[in-house]
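Structural overview for review
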Amino acid sequence: MGLFKTALIGAAVYGAIKYVTKKDETGRSVVDNIKEKAPEWMERVKHAKEELQMELEKQRY
């Protein structure tokens, strides 16, 4: 059973990697899109963190 389980997990990982790195008709993959949008997401997170800190400071006093 352990061998079957390991083979199944390996096949799932292989399939996921193949899907994420597969190029679409524009020549871009899911990984390329994530890499492109990551800096924008980081800025959003930083902004949300600052807002949360300001809100917590307001509630403290």
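Residues numbered from 1 in each chain as written. Predicted model: local features only at pLDDT ≥ 70, side-chain atom pairs only at ≥ 80, totals over all residues. Heavy atoms only, no water.

1. Examining the overall build of the protein chain
Scanning the protein chain from N- to C-terminus turns up two helices and zero strands. For a compact globule of 61 residues, the expected C-alpha radius of gyration is about 10 Å, and the protein chain comes in at 20 Å, more than 25% above that figure. Taking all 61 residues of the protein chain together, 2% fall into the buried category. Entry remark: accessible area of the protein chain is about 5900 Å², with carbon and sulfur atoms responsible for 64%. Where the 12 positive side-chain charges of the protein chain centre and where its 10 negative ones centre are 8 Å apart. (Helix = DSSP H or I, 4+ residues; strand = E, 2+ residues; numbered from the N terminus. Rg over C-alpha atoms; globule rule 2.2 N^0.38 Å. Buried < 20%, exposed > 50% of the residue type's maximum accessible area, 1.4 Å probe, protein only. Areas by Shrake-Rupley, 256 points an atom, 1.4 Å probe, with all protein chains shown as cover. Lys, Arg positive; Asp, Glu negative; His and termini not counted. Charge placed at Lys NZ, Arg CZ, Asp CG, Glu CD.)

2. Examining a nonpolar patch on the surface
A surface patch of nonpolar side chains, about 410 Å² in accessible area, is lined by Y19, V30, I34 and W41. By the element assignment, V30 lies in helix α2 (residues 30-60). Given a relative accessible area of 32%, V30 falls into the partly exposed group. (Patch = residues over 30% accessible without salt bridge, like charges linked within 9 Å, V, L, I, M, F, W, Y side chains within 5 Å. Salt bridge = Lys/Arg side-chain N within 4 Å of Asp/Glu carboxyl O.)

3. Notes on the side chain of S29
Mapping S29 onto the fold places it in the loop between α1 (2-21) and α2. Judged by its relative accessible area of 4%, S29 falls in the buried class. Excluding anything up to four places from it in sequence, S29 contacts V20, T21, K22 and K23. (Contact = heavy atoms within 4.5 Å.)

4. Digging into the pattern of salt bridges
Throughout the structure, instances matching the rule amount to four salt bridges. Close ionic contact of E36 with R28 constitutes a salt bridge, the shortest N to O distance being 2.9 Å. In this structure, R44 and E40 form a salt bridge, with 2.8 Å as the shortest nitrogen-oxygen distance. Taken together, the residues span about one helical turn, with R44 and E40 both in helix α2 at a distance of four residues.

5. Some words on the environment of Q59
Tracing the backbone through its elements, the reader meets Q59 in helix α2. For the pair Q59 and V45, spaced 14 residues apart in sequence, the C-alpha to C-alpha distance is 21 Å.

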